[in-house]
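# Understanding the architecture of this molecule
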Number of protein chains: 2
Amino acid sequence: MKIIKADYILTCDDDFSIIKNGAMVFDEDVIEVGLADYLTQKYSDLEIIECGENSVVMPGLINSHTHLEYSKNKTLLKYGDFNSWLKSVFENREELSNISDKEIQNQLEIIKQTGTTTLSEISSFAKSLKECVKSDLRIVYFTEILGTNEKYIDFIKEDFNKKLEVSLSYKSAKFIPAISIHSTYSVHPILMEYATTKAKEHNMLMSTHYLESIYEKQWLQRATSKLKETLSIVNPDIKVFFSEEKFVKCFDDIRTSFVHACYDENIEDKYIVHCPVSNRLLGSKKLDISKVKTNLLLGTDGLSSNISLSLWDEMRMALMVHSEYDLQELSKKLILSATKNAGEFLKLPIGVLEKKYKSDFIVLDLEDKLNLKENLDKLILNTKKVKKSFIAGEELSL
Amino acid sequence: MKIIKADYILTCDDDFSIIKNGAMVFDEDVIEVGLADYLTQKYSDLEIIECGENSVVMPGLINSHTHLEYSKNKTLLKYGDFNSWLKSVFENREELSNISDKEIQNQLEIIKQTGTTTLSEISSFAKSLKECVKSDLRIVYFTEILGTNEKYIDFIKEDFNKKLEVSLSYKSAKFIPAISIHSTYSVHPILMEYATTKAKEHNMLMSTHYLESIYEKQWLQRATSKLKETLSIVNPDIKVFFSEEKFVKCFDDIRTSFVHACYDENIEDKYIVHCPVSNRLLGSKKLDISKVKTNLLLGTDGLSSNISLSLWDEMRMALMVHSEYDLQELSKKLILSATKNAGEFLKLPIGVLEKKYKSDFIVLDLEDKLNLKENLDKLILNTKKVKKSFIAGEELSL
């Protein structure tokens, strides 16, 4: 058991308590959070970690949507319009998928150094598995199912199941297998049924891309859209499989995050993963985040539609994308979307610094004096790398 | 005379020509721009600078609004609302102004390394003069006039004139004195008259902050606004000096840039310096850039309301702020606002790579293969530091 002292403890608890001259007693779990003076007296025999001047201790960040396997992209993919982008993904799939372990490892390092402690990684072709298993980050690993062609259903099932079984064999407190449905337009109902059954069987979380583009919306509503032409490259007999309602209903009784949801009119009652940079680069409508409260989660998406997997970069960009939003309120909302809300979605005791939560936390340096409560934006504006990072009470090497 | 070869020459000329496998023959001025094969034959005896794979040569960037003297701010100033911010500037003026030459020099280094070759620096208290004179960047140095209290008019005139005379004594091709009027609410008409007369006398450019906040708009229209209370801290007898029309009319016959102009309804016919990050952080309305064409200039503003003085950072943020704008079109618009348009405003032959322009240019590395014409966004998204930078044909040490 140790005690860590900082100028501020940003707890992300229900009251969004910020404790000035605070401290936290922790081992694998958080034991107690409070004033440094009080806690250092109460636990007078503990080793003290001093974070120094202008320091902040806060929950480790939770990135609710990444595609590490697409980390190779820098200039390959076409930005500006979802449909053109998707075409460019098809055209460059081979080059993109030719990614080395080293490249994935590099991104995991950046993710760690920028204060993310938990990652929801979507794996399309199991290329990120090895590095995710090796990583000292907490990783929720979503094996993705994808396929529309009836001819290949059995093959896809088998392939998916094999990948899922491998991921299940690594299951631990820090590696949590889960399942992803690629999207409304790319998964056959038989595969949907197969995957959701598996999820229920193993009590796994699910995630799905959902109403990311206007083309997807049109496709579901009218069975015609620019998207059809693009999807026909892969399956000339492509057809509409779901209505919005029917699709969402498939996830009844399964804890599921809906990624993007820019064109969803019912975002109030789902867990929504917001990826503001990705949405902007692919020409999607800005998500109306005023409608999404504690169900708002934040993701960077992959480097296939972003320039950074740092959640601080993402939050900085989000402050710009949602420029009509009050700066302080938005800062708080973003911080919660990357901590408390995400922990709740994952049903894991993380994202809050409070008794009984896991000791997943980071130490930041504000660089100068600051009334943090009134200047949350500064945390987002100025943080690049973190000073320290802990998972389950263990300090990571940064 | 030398010849520089690159995968792309982005000329920023009237046709926005992008020359693949291009080259540029230059000394202090641009001699000729064209295909590398043609130019290396035509000028077969010249030294060739090879920029290598995935390289781009383009005009050096022009930052149309900085306050280097406010580089000390990291967390001192309150963001989110212009009026609260202004109060915090008053409260921290002493600490802010206590800036060392070294700190200004550091920012000038960053500006240089990120590809800016010309800077419009607003000097409120002549603290940036020494470093700007020493700098190898091209600097338009705006001595600012500011004061509302009639009692001090003579003192302010004298002080302003002294600073202006010093700046004029350094006048050169790379150090161009100019004059700034602080704003509609902070400059007495007598001082306005004095400064504009000086500008005409020396044929100098001018710049002014203009309609940056809703408070300023209200103040000019109704002589009542939250701003009044804040301004009263400095001058308890503060009153409205100008209507919008009267203020703008003061600059008749003087080439003037209007900085921010978020609440100006007549932005079509002025040179507008857009500072998107600053506007966002101070809670101003987003500028309607669709109304501003070749008169759009780009500025970072100071670190008093930004986190970076890199124009690439500013352009990246601008892509997010104006997320409703087509990504490719906006990328082009931003690049022109930081090159050609700004050169035109300054009446300097810079910002374009074409015969008779000065050889102010930068070399970038795209990091991967790319059809630049269709992917201008990638230039903005991926560029952090530049590979090389030249002013009047001389390579800068980066």
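Note that the coordinates shown come from a computational prediction; the quantities given were computed from them, not determined experimentally. (Residues numbered from 1 in each chain as written. Chains lettered and ligands numbered in written order. Predicted model: local features only at pLDDT ≥ 70, side-chain atom pairs only at ≥ 80, totals over all residues. Heavy atoms only, no water.)

## What to know about the overall build of chain A
As a reminder of what qualifies: Here a helix means four or more residues in a row that DSSP labels H or I, a strand means two or more in a row labelled E, and each is numbered from the N terminus. We take the radius of gyration over the C-alpha atoms and set the globule estimate at 2.2 Å times the residue count to the 0.38 power. Each accessible area is a Shrake-Rupley result for a 1.4 Å probe, and residues are judged covered by the shown protein chains and nothing else. All tallies of charge rest on Lys and Arg as positive and Asp and Glu as negative; His and the ends of each chain are not included. In this description, the location of a charge corresponds to atom NZ of lysine, CZ of arginine, CG of aspartate or CD of glutamate.
For chain A, the count of helices and strands is 15 helices and 16 strands. Relative to the 2.2 N^0.38 estimate, which gives 21 Å for 398 residues, the radius of gyration of chain A is 21 Å and therefore close to what a compact globule would have. Across its three principal axes, chain A shows a C-alpha extent of roughly 70 × 45 × 40 Å. Element-wise, carbon and sulfur atoms account for 47% of the exposed surface of chain A, whose accessible area totals about 15,200 Å². Here chain A carries 52 positive and 61 negative side-chain charges, and the mean point of each set is 2 Å from the other.

## Concerning the sheet that holds strand 11 (residues 256-260) of chain A
All names here are of chain A. Spelled out, the test is: Paired strands, as defined in this entry, are two strands with at least two bridges between them according to DSSP. Helix axes are fitted only over the stretch in contact, all axes being lines through C-alpha atoms; the angle between N-to-C directions runs from 0 to 180 degrees. Contact definition: two residues touch when any of their heavy atoms are within 4.5 Å.
Spatially, 6-7-8-9-10-11-12-13 is the arrangement adopted by the 8 strands of the open sheet, whose pairing is parallel. Two strands lie at the open edges of the sheet, namely strand 6 (61-66) and strand 13 (296-298), each paired on one side alone. For this sheet, the mean inter-axis angle between neighbouring strands, taken without regard to orientation, is 25°. In the sheet, strand 7 (residues 116-123) pairs with strand 8 (residues 138-145) via 6 bridges, with the strands oriented parallel. The residue of strand 8 that forms the bridge with S123 is T143. Helix 7 (residues 189-201) rests against strand 8, strand 9 (175-181) and strand 10 (206-210) of the sheet, and its axis sits at about 155° to strand 9.

## Brief notes about the relation of the copies chain B and chain A
Selection criterion: When the copies are superposed, the least-squares fit draws on C-alpha atoms of residues that have pLDDT of at least 70 in both.
Superposing chain B onto chain A takes a rotation of 180° combined with a translation of 0.0 Å along the rotation axis, leaving an RMSD of 0.0 Å. Both copies of the chain, as the preceding transformation shows, are related through a two-fold rotation axis. Within chain B, the C-alpha atom positioned nearest to the axis of rotation is that of V321 of chain B, 2.4 Å from it. A shared binding surface is used by both copies, with 100% of the interface residues of chain B retained as interface residues in chain A.

## Points about unusual backbone geometry
Of note, the phi angle at H260 of chain A is positive, near 85°, even though the residue is not glycine. Relative to the elements of secondary structure, H260 of chain A occurs in strand 11. At N21 of chain B, a residue that is not glycine, the phi angle is positive and equals roughly 50°. Examined against the element boundaries, N21 of chain B turns out to sit in strand 2 (residues 18-26).

## A word on the pattern of salt bridges
Residues and elements named next belong to chain B. Rules: Any Lys or Arg side-chain nitrogen found within 4 Å of a carboxyl oxygen on Asp or Glu counts as a salt bridge. The classification of residues rests on relative accessible area computed with a 1.4 Å probe and restricted to protein chains. Under 20% of the type maximum is buried, over 50% is exposed, and intermediate values are partly exposed.
Inspection of every chain in the model, using the stated rule, returns 46 salt bridges over all chains. For E244, the salt bridge is made with K217, and the minimal N-O distance between the two is 3.1 Å. One end of the pair, E244, is in helix 10 (residues 244-249); the other, K217, is in helix 8 (residues 214-222), with 27 residues separating them in the sequence. Among the residues examined, E244 registers a relative accessible area of 12% and is labelled buried. Put simply, K286 and E324 hold a salt bridge, and the shortest N to O gap is 3.2 Å. Here K286, found in the loop between helix 11 (276-281) and strand 13 (296-298), pairs with E324, found in the loop between helix 12 (311-321) and helix 13 (327-337); they are 38 residues apart in sequence, far enough to count as distant.

## A closer look at the UniProt feature "domain: Amidohydrolase-related" (unreviewed entry) in chain A
In plain terms, the rule: UniProt positions are given in the numbering used here, feature names are shortened, and annotations may be inferred rather than shown by experiment.
Here, UniProt's "domain: Amidohydrolase-related" (unreviewed entry) annotation points to residues 56-394 of chain A. In residues 56-394 of chain A, helix accounts for 38% and strand for 18%; the two terminal C-alpha atoms are 18 Å from one another.

## Description of the sheet that holds strand 13 of chain B
Residues and elements named next belong to chain B. Pairing within the open sheet is parallel, and its 8 strands lie in the order 6-7-8-9-10-11-12-13. Each edge of the open sheet carries a strand with a single partner, namely strand 6 (61-66) and strand 13. Between one strand axis and the next, the sheet turns through 25° on average, direction left out of account. Alignment of strand 6 against strand 7 (residues 116-123), held across 4 bridges, turns out to be parallel.

## Notes on the domain arrangement of chain A
Residue and element names in this part refer to chain A. Worth spelling out the cut-off: In this entry, domain limits derive from an automatic or database-based domain assignment. Accessible-area loss on putting two parts together, using a 1.4 Å probe and summing over both, is the definition of buried area adopted here.
When its domains are assigned, chain A resolves into domain 1 (2-59 + 352-395) and domain 2 (61-346). Computed from C-alpha coordinates alone, the two centres of domain 1 and domain 2 are separated by 31 Å. Contacts between domain 1 and domain 2 engage 28 residues on the former and 24 residues on the latter. Surface buried jointly by domain 1 and domain 2 totals about 2,100 Å² across both partners, of which 68% is contributed by carbon and sulfur atoms. If you sort the residues of domain 1 by the area they bury against domain 2, F16, I380 and I391 come out on top, with a joint share of 29%.

## Remarks on the interface of chain B and chain A
Taken together, the contact pairs 33 residues of chain B with 33 residues of chain A. Interface of chain B and chain A: buried area, both sides summed, is about 3,100 Å²; carbon and sulfur atoms make up 56% of it. Summed over the three residues of chain B that lose the most area to chain A, namely T75, R280 and M320 of chain B, the buried surface amounts to 25% of that side. For the pair chain B and chain A, the interface holds 2 salt bridges.

## Some details on the packing of aromatic side chains
Residue and element names in this part refer to chain A. Cut-off, in case you're wondering: Stacked, edge-to-face and tilted are the three classes for Phe, Tyr and Trp ring pairs, Trp counted by its six-membered ring, which pair at centre distances within 6.5 Å; planes under 30 degrees apart are stacked, over 60 edge-to-face, the rest tilted. In our convention, an over-ring charge means Lys NZ or Arg CZ found within 6 Å of a ring centre and within 35 degrees of that ring's normal.
All chains considered together, the criterion is met by 28 aromatic pairs over all chains. Among the aromatic residues, those joined into a ring-pair cluster are Y210, F242, F247, F251 and F258. Here the guanidinium or amino end of K270 rests over the ring plane of F258, the centre of that ring lying 5.7 Å away.

## Digging into the packing of helix 2 (residues 82-91) of chain A against helix 9 (residues 226-234) of chain A
Residues and elements named next belong to chain A. The condition is simple: Oblique is the label for every angle not falling under 35 degrees (roughly parallel), over 145 degrees (roughly antiparallel), or within 65 to 115 degrees (roughly perpendicular). Note on residue categories: nonpolar means Ala, Val, Leu, Ile, Met, Phe, Trp, Tyr, Cys or Pro, charged means Asp, Glu, Lys or Arg, and polar means any other residue, Gly included.
Axis separation between helix 2 and helix 9 bottoms out at 9 Å; the angle between their running directions is 10°. One way to sum up the angle between helix 2 and helix 9 is to call them roughly parallel. Contacts between helix 2 and helix 9 involve F82, N83, L86, K87 and F90 on the former and, on the latter, K226, L227, E229, T230, L231, I233 and V234. Per-class residue counts for the contact of helix 2 with helix 9 are 7 nonpolar, 2 polar and 3 charged.

## Regarding the environment of T66 of chain B
Residues and elements named next belong to chain B. Stated precisely, the cut-off is as follows: Any N or O atom pair separated by 3.5 Å or less is treated as a polar contact, with the protein-specific requirement of one donor-capable and one acceptor-capable atom, and with residues adjacent in sequence counted only for side-chain atom pairs.
With respect to the secondary-structure elements, T66 resides in strand 6. Overall, the relative accessible area of 0% leaves T66 in the buried class. Between the C-alpha atom of T66 and that of L191, which follows or precedes it by 125 residues, the distance is 22 Å. Beyond its immediate stretch of four places on either side in the chain, T66 contacts L119, S120, E121, I122, T300 and D301. A distance of 2.7 Å separates polar atoms of two side chains, one belonging to T66 and the other to E121.

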